[in-house]
Amino acid sequence: EKEEKFAKSRFTGILETMTHHLSLIDLREGQRGHISALAGGDSGIQEKLLAMGILPGRTIWLIKKFPSYVFEIGNSRFAVDRDIARAISVIPSLSD
C-alpha cells in the first residue's frame, strides 16, 4: 500500500511538471508555447490582451525580451512591456 501511494504521488508530480504553466517572461528567446490563460486582475491587462486577439489556446513564439517583449501569434507580431508579458500564461512546447 505504501508503494502504491508513493507511485501515485510520484506520477502526479510528473504530470504537474509536464503541464507546468509559466509566464511569457519565463520562456527563452526563440521558444514557442501555447497560451494557457490570461491574468491581469483589476488592471485591465486581460481586456487589452483579449482586444489584441491574444487568446488561450493559441501558439505563441517569443522573439525578443529586451527592451520589450516581442512575440508572434499567427501572422501578427506584438511588442509589450514586462507587466503585460507576465500576464500571459504559457505551456512551453516540448519541441523547442
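What you see is a predicted model, and the numbers here were worked out from it, not measured in a lab.

Asks: What am I meant to see in the packing of aromatic side chains here?
Replies: To describe a pair of aromatic rings, one takes the distance between the centres and the angle between the planes. This model, assessed by the stated rule, comprises 1 aromatic pair. The ring centre of Trp61 lies 4.6 Å from the NZ or CZ of Arg32, which sits over that ring.

Asks: Would you explain the sheet that holds strand 1 (residues 22-23) in this entry?
Replies: Hydrogen bonds along the backbone pair up the strands of a sheet, which may run parallel or antiparallel. Here we have 6 strands laid out as an open sheet, ordered 1-6-2-3-4-5, and antiparallel in their pairing. In this open sheet, the two edge strands, each paired with only one partner strand, are strand 1 and strand 5 (76-80). Sheet topology places strand 2 (residues 32-38) next to strand 3 (residues 59-64); 3 bridges connect them, and they run antiparallel. The partner of Gly33 across the bridge, within strand 3, is Ile60.

Rules and cut-offs
Residues numbered from 1 in each chain as written. Predicted model: local features only at pLDDT ≥ 70, side-chain atom pairs only at ≥ 80, totals over all residues. Heavy atoms only, no water. Phe/Tyr/Trp six-rings, centres within 6.5 Å; stacked < 30°, edge-to-face > 60°. Lys NZ or Arg CZ within 6 Å of the ring centre and 35° of its normal. Pairing = 2+ DSSP bridges. Helix = DSSP H or I, 4+ residues; strand = E, 2+ residues; numbered from the N terminus.

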